[in-house]
Amino acid sequence: MPPVDSRLSGAGQPRPDVLVTGAGVMGLWAALMAARAGLSVLVVERQRVGAGASGGLLGALMPHLPDRWNTKKQFQLEALVSLEGEIAELEATTGLSAGYRRCGRVIPLAEPHHRERALKHSRDAAAAWDVSGRAFSYEVSDRSPAAGWPAGEATANGVVLDSLAARVSPRGLLALLRAALEAMPQVRVAEGVDIVRLDPVAGVARCADGADIAFGHVMVCAGVAGFDLLTALEPRELPRPLGVAVKGQAALFRTTLDPDLPILFDNGIYVVPHDGGYCAVGSTSEDAFEDADSTDGLLEDVIERALRLAPVLREASLVERWAGLRPKAIGRDPVAGLHPDFPSVAVLGGGFKISFGIAHELARAVMRQIDGGSAGELPPSFSIGAHLEAARRDLT
């Protein structure tokens, strides 16, 4: 990477080698990987660090099912395994905790055909869930790991015990990443800076207040807003959107649960024990909504279903309700890599439900591309080119 030149941004600061738009989990990992490569980094966030979907409650790090194995599932598997070491290194450096634990997951099997399917997945996992000799299992058992976890009526045909799943405190991880970045002299994090347009030819980002920020490369990690920034680069209107916002709602309880308990998962409901006497419950996936930031009866339904799954929570106190928008790229796969038409523009986004488990490896791979490497580490379906092709396809 050539050294930064002497041009100044509109704010009077030296032009960064890398401008990162968005300070959620994608943006903070992108900034960290760029700084580790020796580059100067400016992270700009429209509101505050973690103001979007990354500032939620759940923190469930869940693998894809082990059937029909492909490059996307392999990428996520390796990322879920490598995240453990990345977090341990940051915790040792900063003295903070991300609340990470490879706690595993329990899935109740209410019907006989659920058990039959789970037994097949168990064989699939034995073949696929192995990273450098470190194997993980998807076992079918007649016994739950703890009494009432989950409720007995849900386990008529046993349970699945998954040893790969993990959990992290979303806000704890963001605080950890921010602390690591603030200790790096070549990194600056600026909140309250709203990027509304990119000019990759001039190497300038335009802010909502009219100021310009010059950059060497820009990494678009702005969640749902990132789709608009990328769409604006297109010479013609796209027949289909590059991505959409999906609203999620979740809740946080204060409990006496053992934080070592595994995640409960059943029919889209997550129950995630956390350190410090907390347990998160969620979540909705709403394609249509009127208010992005408010919770409503849909969350109350999720809570009631969680209470039936884990009756012990009826003795807990509800301390927070949360709602936010998650970015889902067209075709559901994340979008990551260099823009095919503008090599100074890179993208990390669209992770939807799996962002926390893969953001560090997406950032590492994209940083290598910026530094002149290939895109070989990323599944082809993740590329911005693949997403643009899908969005440019007029289905009419």
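You'll find the structure just up there.
One numbering rule holds for all chains: residues counted from 1, following each sequence as written. pLDDT decides what is reported in this predicted model: residues at 70 or higher carry local features, side-chain atom pairs at 80 or more are listed and counted, and totals for whole chains, interfaces and linings draw on all residues regardless. Values shown for side chains rest on all heavy atoms present in the structure; no hydrogens or waters enter the calculation.

Secondary structure follows DSSP: runs of H or I at least 4 residues long count as helices, runs of E at least 2 residues long count as strands, and numbering of each begins at the N terminus. A tally of helices and strands in the chain yields eight helices and 21 strands. To get the radius of gyration, use the C-alpha atoms; to get the globule rule, take the number of residues to the power 0.38 and multiply by 2.2 Å. The C-alpha atoms of the chain give a radius of gyration of 21 Å, which matches the 21 Å a tight globule of 396 residues would have. Structurally, the chain occupies a C-alpha span of about 65 × 45 × 40 Å along its principal axes. Any residue under 20% of the maximum accessible area for its type is buried, any over 50% is exposed, and the rest in between are partly exposed; the area is computed with a 1.4 Å probe on protein chains only. Per-residue burial over the chain gives 54% buried out of 396 residues. For this analysis, residues touch if any pair of their heavy atoms sits within 4.5 Å. Considering only intrachain contacts with a sequence separation of at least 6, the fraction spanning at least 24 residues in the chain is 73%. Only the protein chains shown count as cover for residues, and the accessible areas themselves come from Shrake-Rupley with a 1.4 Å probe. Accessible surface, the chain: about 16,900 Å² in total, of which carbon and sulfur atoms supply 50%. Charged residues are defined narrowly, with Lys and Arg counted positive, Asp and Glu counted negative, and His plus the chain ends left uncounted. For this purpose, a charge sits on NZ of Lys, CZ of Arg, CG of Asp or CD of Glu. Taking the 39 positively charged and 48 negatively charged side chains of the chain as two groups, their mean positions are separated by 2 Å.

A separate point is helix 1 (residues 25-36). For a helix, the expected span equals 1.5 Å multiplied by the residue count minus one. Helix length check: helix 1, at 12 residues, gives a terminal C-alpha distance of 17 Å against a target of 16 Å (1.5 Å per residue), a fit within 8%. Most of helix 1 is tucked away: 11 of the 12 residues are buried. For helix 1, the set of buried residues is Val25, Met26, Gly27, Leu28, Trp29, Ala30, Ala31, Leu32, Met33, Ala34 and Ala35. Two residues or fewer past helix 1, Gly38 is found with a positive phi of approximately 90 degrees.

Here the focus is the environment of Ala346. Within the secondary structure, Ala346 is located in strand 21 (residues 345-349). Counting along the chain gives 162 residues from Ala346 to Met184, while the straight-line C-alpha distance between them is 22 Å. If we skip the residues at most four places from it in the chain, Ala346 touches Val218, Met219, Val220, Gly337, Leu338, Val366 and Ile370.

Here Asp162 is to be found in strand 8 (residues 159-162). Accessibility expressed as a relative area gives 2% for Asp162, which makes it buried. In this structure Asp162 touches Pro63, Gly104, Arg105, Trp129, Ser137 and Tyr138, once residues within four positions along its chain are discounted.

Our focus in this paragraph is the nonpolar core. Formed by 79 residues in total, the largest nonpolar core has its most connected members in Trp29, Leu173, Met219, Leu348 and Leu362. Among the elements that take part in this core, helix 1 stands out by supplying 10 residues, more than any other. Formed by 29 residues, the second largest nonpolar core is a distinct cluster that contains Ala190, Ile213, Phe215 and Leu238. Residues belong to a common nonpolar core when they are buried Ala, Val, Leu, Ile, Met, Phe, Trp, Tyr or Cys residues joined through side-chain atoms within 4.5 Å.

Walk down a regular strand and you will see the side chains alternate between the two sheet faces. Where strand 20 (residues 335-338) lies against strand 21, four bridges are found, and the strand directions are antiparallel. Across the sheet, Gly337 pairs through a bridge with Val347, a residue of strand 21. What makes two strands pair is DSSP finding at least two bridges between them. Two successive antiparallel strands, strand 20 and strand 21, enclose a turn made up of six residues.

The subject of this paragraph is the sheet that holds strand 20. As summarised here, the arrangement of the six strands in space is 10-2-1-14-21-20, forming an open sheet in which the pairing is mixed. Only two strands of the sheet have a single neighbouring strand rather than two, namely strand 10 (187-191) and strand 20. Each strand axis lies, on average, 15 degrees off the axis of its neighbour in the sheet, ignoring direction. To get an axis, fit a line to the C-alpha atoms, keeping to the stretch in contact for a helix; angles then go from 0 to 180 degrees between the N-to-C directions.

Attention now goes to unusual backbone geometry. Cis geometry marks the peptide bond from Trp149 to Pro150; its omega dihedral reads 5 degrees. Take Pro150: it is sitting in the loop between strand 7 (138-141) and strand 8. For the bond from Gly282 to Ser283, the omega torsion is -5 degrees, close enough to zero to count as cis. Assignment of secondary structure puts Ser283 in the loop between strand 18 (278-282) and helix 6 (297-309).

Take the pairing of strand 17 (residues 269-274) next. Among the six residues in strand 17, six count as buried, and that is most of the element. On strand 17, burial covers both faces: Ile269, Val271 and Pro273 on one face and Tyr270, Val272 and His274 on the other are all buried. Alignment of strand 16 (residues 263-266) against strand 17, held across three bridges, turns out to be antiparallel. For Asp266, the partnering residue across the bridge sits in strand 17 and is Ile269. Counting the residues between successive antiparallel strands, the hairpin from strand 16 to strand 17 contains two residues, one of them, Asn267, with a positive phi of roughly 50 degrees. The sheet contact formed by strand 17 and strand 18 spans five bridges and is antiparallel. Directly across from Pro273, in strand 18, lies its bridge partner Cys279.

Here we come to the packing of helix 1 against helix 2 (residues 71-94). Between helix 1 and helix 2, the least distance of the axes is 14 Å, while the angle of their chain directions is 75 degrees. Overall, the two elements helix 1 and helix 2 adopt an arrangement that is roughly perpendicular. Contacts between helix 1 and helix 2 involve Trp29, Leu32, Met33 and Arg36 from the former and Leu83, Glu86, Glu89 and Leu90 from the latter. By the convention adopted, Pro, Cys, Tyr, Trp, Phe, Met, Ile, Leu, Val and Ala count as nonpolar, Lys, Arg, Asp and Glu as charged, and the other residues, Gly among them, as polar. In terms of residue class, the contact of helix 1 with helix 2 is made up of five nonpolar, no polar and three charged. Put simply, angles under 35 degrees are roughly parallel, angles over 145 are roughly antiparallel, angles from 65 to 115 are roughly perpendicular, and the rest are oblique.

Patch membership requires over 30% relative accessible area and the absence of a salt bridge. Like charges are linked within 9 Å, and nonpolar side chains (Val, Leu, Ile, Met, Phe, Trp, Tyr) within 5 Å. Salt bridge criterion: a side-chain nitrogen from Lys or Arg within 4 Å of a carboxyl oxygen from Asp or Glu. Side chains of Glu290, Asp291, Asp293 and Asp296 sit close together on the surface and give a patch of like negative charge. With respect to the helices and strands, the residue Asp296 is situated in the loop between strand 18 and helix 6. A relative accessible area of 32% means that Asp296 is categorised as partly exposed.

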